[in-house]
Amino acid sequence: MDGRALKIIALAAMVCDHTAIALVEPLGQVSQAVQAASVSQMTASAELMSAGWLAVYVLLRLAGGLAFPIFAFLLVEGFLHTRDRKRYLAKLCVFALISEIPFDLALFGTPFYRGYQNVFFTLAIGVAVMMGLEKMGPERTAGGGNAGTGSHAGTEHHAGAGVRAEAEGGGRAVPAPAIVSVAVTAIGCLLTALLHSDFGWSGILLIAVLYMFRFDRARQMLFGCVVSLTAKVTGPFAFIPIRMYNGERGRQMKLLFYWFYPAHLLALGILRRFLVP
């Protein structure tokens, strides 16, 4: 399975998740309220969804749990292979701003909601965390050389190596001091908490784990499953297609994902305006 296939799976899961929140949940609540009013029983139960709407909502949210772990994995892959890390970060920040109004319209029914921010903010902070891990605590090989950055890291990862990358001189990769990794990751988690961005601290922790264990596929999958479980119960299942990843980029979608995110949110926001009283 190549990178393009992973993106399609993640996009489909994301649409399921956002549809559940933007449309199914409010429509289910309205439907239940109307039924309660028809029998003069407008009580607190009217705020709950009927069984049918609830079933659809739960199924869509469960499917949506596959999205973020895949996006986090692809974010790490993109970080390892981009030629310009700062441009990569800037692009995420730009789309975070572009997506905010559509995000608020779709999920909260208002163009401005300060209490929760879209996932691009989390992804941007995740890239900043990886830049910090790379700069402040680079993985160096015992005996000299650098084995944790640049195209060499990407080559080792795409070769499917299950062990740490080795330097050209045969040295063994030595991990950065744990205190550095913890400190940089904690700062990222704190930023998402302050911004109230989507997936918050668990999203940053997942990105950091996938990055730090990029040379050890078994541990990357194991710890990735554990961390993803803190966000969504179906998160670990995302590592089934991730494990099938063959290291190939596949046919490039260029900026499709970036524009698809605000576009589908805007569409859901418009539908919510028309369908939800």
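Up top is the structure.
So, here is what we can say about the structure in this document. (Residues numbered from 1 in each chain as written. Predicted model: local features only at pLDDT ≥ 70, side-chain atom pairs only at ≥ 80, totals over all residues. Heavy atoms only, no water.)

1. Observations concerning a nonpolar patch on the surface
- Residues Leu54, Val58, Leu59, Leu62, Leu229 and Val233 make up a contiguous nonpolar surface patch of about 520 Å² in total accessible area.
- Note on Leu59: relative accessible area 59%, which makes it exposed. (Patch = residues over 30% accessible without salt bridge, like charges linked within 9 Å, V, L, I, M, F, W, Y side chains within 5 Å. Areas by Shrake-Rupley, 256 points an atom, 1.4 Å probe, with all protein chains shown as cover. Salt bridge = Lys/Arg side-chain N within 4 Å of Asp/Glu carboxyl O. Buried < 20%, exposed > 50% of the residue type's maximum accessible area, 1.4 Å probe, protein only.)

2. Remarks on empty space enclosed by the protein
- As enumerated under the stated definition, the model contains 2 cavities of 30 Å³ or more in all.
- The computed volume of the largest cavity comes to approximately 130 Å³.
- In this structure, the largest cavity is lined by 14 residues; those nearest its centre are Met14, Ala67, Phe71, Val119 and Phe199.
- Among the secondary structure elements, those contributing two or more residues to the lining of the largest cavity are helix H1 (3–38), helix H3 (67–81), helix H5 (119–136) and helix H11 (256–275).
- Taken as a whole, the second largest cavity encloses approximately 60 Å³ of empty space.
- Elements that contribute at least two residues to the lining of the second largest cavity include exactly H3, helix H8 (200–212) and helix H9 (217–228).
- The element contributing the most residues to the lining of the second largest cavity is H8, with 3 residues.
- The residue inventory of the lining of the second largest cavity, partitioned by class, reads 6 nonpolar, 5 polar and 1 charged. (1 Å grid on protein atoms, 1.4 Å probe; cavity = no way out; pocket = protein on both sides within 12 Å on 5 of 7 lines; lining within 4 Å. Points joined across faces, edges and corners; volume = space filled by probe spheres on them. Helix = DSSP H or I, 4+ residues; strand = E, 2+ residues; numbered from the N terminus. Nonpolar A, V, L, I, M, F, W, Y, C, P; charged D, E, K, R; others polar.)

3. Comments concerning the layout of surface pockets
- Volume-wise, the largest pocket comes out at about 850 Å³.
- Taken together, 27 residues form the lining of the largest pocket, with Lys7, Gly78, Tyr88, Arg249 and Gln252 sitting closest to its centre.
- Listing elements by their share of the lining of the largest pocket, those giving two or more residues are H1, H3, helix H4 (85–108), H5 and H11.
- The element contributing the most residues to the lining of the largest pocket is H3, with 6 residues.

4. Let's talk about H4
- The end-to-end C-alpha distance of H4 is 33 Å, a good match for the 34 Å that 24 residues give at a rise of 1.5 Å each.
- Taken as a whole, H4 carries its principal kink of about 40° at Ser99; the proline Pro102 stands between one and four residues after it.
- The backbone nitrogen of Lys86 has a side-chain oxygen 3.2 Å away, supplied by the residue at the start of H4, namely Asp84.
- Among the residues trailing H4, Gly109 stands out with phi positive, at a value near 70°. (Expected span 1.5 Å × (residues − 1). Bend = angle between axes of the 7 residues up to and from the residue. Polar contact = N/O pair within 3.5 Å; in protein donor to acceptor, adjacent residues only side chain to side chain.)

5. Description of the packing of aromatic side chains
- The final tally for this structure, using the stated rule, is 16 aromatic pairs.
- With a centroid separation of 5.0 Å and an interplanar angle of 20°, the aromatic rings of Phe213 and Phe223 are classed as stacked. With Phe213 in the loop between H8 and H9 and Phe223 in helix H9, the pair connects residues that are 10 residues apart, well separated along the chain.
- One aromatic cluster is present, built from ring pairs that chain together Phe71, Phe95, Phe120, Phe257, Tyr258, Trp259 and Tyr261.
- Between Arg85 and the ring centre of Phe79, over which it is positioned, the NZ or CZ distance is 4.1 Å.
- Stacked on the ring of Tyr211, the Lys or Arg Arg214 has its end atom at 4.0 Å from the ring centre. (Phe/Tyr/Trp six-rings, centres within 6.5 Å; stacked < 30°, edge-to-face > 60°. Lys NZ or Arg CZ within 6 Å of the ring centre and 35° of its normal.)

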